[in-house]
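# Structural overview for review
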Amino acid sequence: MDDKQTVLDILQDLTGEDFSDNLDEDLFASALLDSMGTVQLLLDLQDKLGVQAPVSEFDRNEWNTPAKIIAKVEAAK
Amino acid sequence: MRWYIPYGNPTYFIWLTLAIIPLMIGLLYGRRFRGYQTVISLFFLILTFGGPNWKTGISLIGYLVYQMILVGLYSHYRQPKGSPNKGWIFITAVVLAIIPLVIVKLTPLFTPGRQSIIGFMGISYITFKVVQTIMETRDGMIKEFHPVLFGQFLLFFPTISSGPIDRYRRFEADYAKVPVRDDYLNMIQTGVRYVFQGFLYKFILAYYFGTVLMPQIQMRALMAHGFSWNIVAYMYAYSMDLFFDFAGYSLFAVGISYLMGIKTPMNFNQPFKSKNIKDFWNRWHMTLSFWFRDYIFMRLVFFCMKHHIFKSRTTTANVCYVINMLIMGFWHGETWFYITYGLYHGFAMVINDTWLRFKKKHQKYIPHNKFTELFSIFLTFNVVCFSFLIFSGFLNTLFFAPNPY
């Protein structure tokens, strides 16, 4: 499974929505992700993809859409 | 020469306008006069911390030297490649960073009516900036310790006394560059609008609620001995005063920052329109609540989840909400009413989350329309105003303090 699909699966687990066709949805503006969800996301990225992203890294303007998160994960690899 | 609280009176604004005009002309022509900015910063710091307040000025300098050494040492330890990055060294650094603030907060408890000699106006806000810098250095996000920039960040005079709490990486990026002329013209427009909105808030509305209305209600409430409707009136008047006073101050601080080409983050976003308590904390004293969210709540949740301290996600969230808000209560001051205020908001968050989960589960049966939205705004407003009544300490004066009559 590729990274993109893994990220989409993690997001689906967290929010209950499939973002495959909505890669630019703003997760914070639509309140799909809150601080709890964010932490869970960071932990999942760490466990499932080995991407180390500390809480400080999490700038809400840079991680607010599925597309941006995928890009961050790919850049970190 | 007179001595001034920041934004306290018209003369301060005249000084301010005169001082930043050269800076603004520079910015319009693509240059940031950093030396000049440092000189006027010192001038305004002296206006606030000099003269009869010179002792607090000495405290500020001592505090600054102490924190500079601390952050310098921690950066020296953490920033080189292959740093051992030990947890206990990080914790020691954070503890050392907050010790001065803890001493200042605890002093009135042991020597009633006296303030600590190491305190000065705005110590809390500088402490927030120091602690977050240490945390981001640990996370490897701040890769370089630059004493002069760090000093500029800590002492940025428009926000020195009560925030808004900026972030180092954000501030530094703004300070390093000069905004493009069109952007800067927009910033001037916004900045001027903020300052004038601030005048309306602080010198008209807060003056009316706080200086005209509140003392009358307070007197009536005290004369009534015990419960009376005056307490309810006091609650609303105090809430309005608190908002317009602090939002007014924040508008000045943000507005002046904009004129100086620095986009200090906003502190309030129409908080009384909040639909629930979580929404409220995303709109009220935002830089403080975001600070608590990013540097306490999320880190606590991260720690708890990583080490599987609680079985369920809900329990983790609830415990962390209460701890987070309780710490905020303690930060406000060591009195029963501040601590109760913190706990109250912690439990309000827990109840709010429980309700939202329940609502989601029973979506089909629970109506959602314009009327329920208005009701939720009304309810949130009253829950918040009641918390401010606790916060005001007036209940303490009314029921527990020795009665002056």
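All of these numbers come straight from a predicted model, not from anything done at the bench.

## Description of the overall build of chain B
Along the backbone of chain B there are 15 helices and zero strands. Taken against the 2.2 N^0.38 rule, which gives 22 Å for 405 residues, the C-alpha radius of gyration of chain B at 23 Å falls within 12% of a compact globule. Once the C-alpha set of chain B is aligned to its principal axes, its extents read approximately 60 × 55 × 50 Å. When each of the 405 residues of chain B is scored for burial, the buried share is 50%. Counting only contacts in chain B whose residues sit at least 6 apart along the sequence, the fraction spanning at least 24 positions is 73%. Carbon and sulfur atoms provide 69% of the accessible area of chain B, an area that totals close to 20300 Å². In chain B, 37 side chains carry a positive charge and 15 a negative one; their mean positions are 4 Å apart.

## What about the pattern of salt bridges?
Going through the model one piece at a time under the given rule, you end up with 12 salt bridges over all chains. When the shortest N-O distance is used, the salt bridge between Glu-62 of chain A and Lys-72 of chain A registers 2.8 Å. Of this pair, Glu-62 of chain A sits in the loop between helix H2 (35-49) and helix H3 (66-76) while Lys-72 of chain A sits in helix H3, and the two are 10 residues apart along the sequence. Where salt bridges share partners, they join Asp-166, Arg-170, Asp-174 and Lys-177 of chain B into one cluster.

## Points about the interface of chain A and chain B
The interface of chain A with chain B comprises 16 residues on the first partner and 17 residues on the second. Here chain A and chain B share an interface that buries about 1600 Å² over both sides, 67% of which is from carbon and sulfur atoms. Applying the counting rule to chain A against chain B returns one salt bridge. Between Lys-278 of chain B and Asp-34 of chain A there is a salt bridge, with the nearest N and O atoms lying 3.3 Å from each other. Inspection of the region where chain A meets chain B yields five residue pairs in polar contact (both at pLDDT 80 or more). In terms of residue count, H2 of chain A provides more of the side of chain A that touches chain B than any other element does, nine residues in total. Looking at the side of chain A that touches chain B, its residues break down into seven nonpolar, six polar and three charged.

## Description of the nonpolar core
Generally speaking, soluble globular proteins have nonpolar side chains that are buried together. Core analysis: the largest hydrophobic core is formed by 145 residues, its most contacted members being Leu-41 and Leu-45 of chain A together with Tyr-7, Val-130, Ile-134 and Trp-281 of chain B. Ranked by residue count, the leading element in this core is helix H9 (residues 229-259) of chain B, at 19 residues.

## Quick word on the UniProt feature "modified residue: O-(pantetheine 4'-phosphoryl)serine" (unreviewed entry) in chain A
As recorded in UniProt, the feature "modified residue: O-(pantetheine 4'-phosphoryl)serine" (unreviewed entry) lies at Ser-35 of chain A. Secondary-structure assignment places Ser-35 of chain A in helix H2. In this view, Ser-35 of chain A contacts Arg-60 of chain A together with Arg-293, Phe-297 and Met-298 of chain B; residues no more than four positions away in its chain are not counted.

## Regarding the domain arrangement of chain B
Residues and elements named next belong to chain B. Considered domain by domain, chain B is made up of domain 1 (10-178), domain 2 (182-259) and domain 3 (271-399). The centre of domain 2, based on its C-alpha atoms, is set 23 Å off from the matching centre of domain 3. On the side of domain 3, 16 residues touch domain 2, which itself brings 15 residues to the contact. Taking both sides of the interface into account, the surface hidden between domain 2 and domain 3 amounts to around 1500 Å²; carbon and sulfur atoms contribute 87%. Area buried by domain 2 at its contact with domain 3 is led by Met-235, Tyr-238 and Phe-243, which between them contribute 29% of it. At the junction of domain 2 and domain 3, the tally comes to zero salt bridges. Summed over the shared surface of domain 2 and domain 3, the number is one residue pair in polar contact (both at pLDDT 80 or more).

## Re helix H6 (residues 147-155) of chain B
Residue and element names in this part refer to chain B. Most of H6 is tucked away, with seven of its nine residues classed as buried. Taken together, the buried positions of H6 are Leu-149, Phe-150, Gly-151, Gln-152, Phe-153, Leu-154 and Leu-155. For H6, the secondary structure elements touched by its buried residues are helix H2 (34-49), helix H3 (54-78), helix H5 (123-138) and helix H7 (168-176).

## Let's talk about the packing of H6 of chain B against H7 of chain B
Residues and elements named next belong to chain B. As a packed pair, H6 and H7 sit with axes 10 Å apart at the nearest point and diverge in direction by 105°. One way to sum up the angle between H6 and H7 is to call them roughly perpendicular. Across the interface between the two elements, Leu-149, Phe-150, Gln-152 and Phe-153 of H6 pack against Tyr-168, Phe-171, Glu-172 and Tyr-175 of H7. When grouped by side-chain class, the residues that make up the contact of H6 with H7 number six nonpolar, one polar and one charged.

## Concerning the side chain of Ser-83 of chain B
Residues and elements named next belong to chain B. Along the chain, the position of Ser-83 falls in the loop between H3 and helix H4 (87-110). With relative accessibility at 15%, the residue Ser-83 sits in the buried group. With residues near it in sequence (within four places) discarded, Ser-83 still touches Tyr-77 and Arg-78.

## Some details on the packing of aromatic side chains
A ring pair, where both rings are aromatic, is described by two values, the distance of the centres and the angle of the planes. Residue and element names in this part refer to chain B. Throughout the structure, instances matching the rule amount to 66 aromatic pairs over all chains. Note on Tyr-7 and Tyr-249: the rings are 5.7 Å apart at their centroids and 65° apart in plane angle, and the pair reads as edge-to-face. Residue Tyr-7 is found in the segment before helix H1 (10-28), and its partner Tyr-249 is found in helix H9; the two are separated by 242 residues along the sequence. Here Tyr-7 and Tyr-249 have matching classes, each one buried.

## Some remarks on the side chain of Ser-257 of chain B
Inspection of the secondary structure puts Ser-257 of chain B in helix H9. In this structure Ser-257 of chain B comes out as buried when scored by relative accessible area, which is 0%.

## Structural notes on a nonpolar patch on the surface
Residues and elements named next belong to chain B. Residues Tyr-66, Ile-91, Val-95, Leu-96, Ile-99, Ile-103, Ile-117 and Ile-118 make up a contiguous nonpolar surface patch of roughly 680 Å² in combined accessible area. Among the elements that line the nonpolar patch, the one with the most residues is H4, at five residues. You can call Val-95 partly exposed: its relative accessible area is 40%.

The rules we used
Residues numbered from 1 in each chain as written. Chains lettered and ligands numbered in written order. Predicted model: local features only at pLDDT ≥ 70, side-chain atom pairs only at ≥ 80, totals over all residues. Heavy atoms only, no water. Helix = DSSP H or I, 4+ residues; strand = E, 2+ residues; numbered from the N terminus. Rg over C-alpha atoms; globule rule 2.2 N^0.38 Å. Buried < 20%, exposed > 50% of the residue type's maximum accessible area, 1.4 Å probe, protein only. Contact = heavy atoms within 4.5 Å. Areas by Shrake-Rupley, 256 points an atom, 1.4 Å probe, with all protein chains shown as cover. Lys, Arg positive; Asp, Glu negative; His and termini not counted. Charge placed at Lys NZ, Arg CZ, Asp CG, Glu CD. Salt bridge = Lys/Arg side-chain N within 4 Å of Asp/Glu carboxyl O. Buried area = accessible area lost by both parts, 1.4 Å probe. Polar contact = N/O pair within 3.5 Å; in protein donor to acceptor, adjacent residues only side chain to side chain. Nonpolar A, V, L, I, M, F, W, Y, C, P; charged D, E, K, R; others polar. Core = buried A, V, L, I, M, F, W, Y, C linked by side-chain atoms within 4.5 Å. UniProt positions renumbered as here; feature names shortened; annotations may be inferred. Domains from an automatic or database assignment. Axes fitted to C-alpha atoms, helices over the stretch in contact; angles between N-to-C directions. Parallel < 35°, antiparallel > 145°, perpendicular 65-115°, else oblique. Phe/Tyr/Trp six-rings, centres within 6.5 Å; stacked < 30°, edge-to-face > 60°. Patch = residues over 30% accessible without salt bridge, like charges linked within 9 Å, V, L, I, M, F, W, Y side chains within 5 Å.

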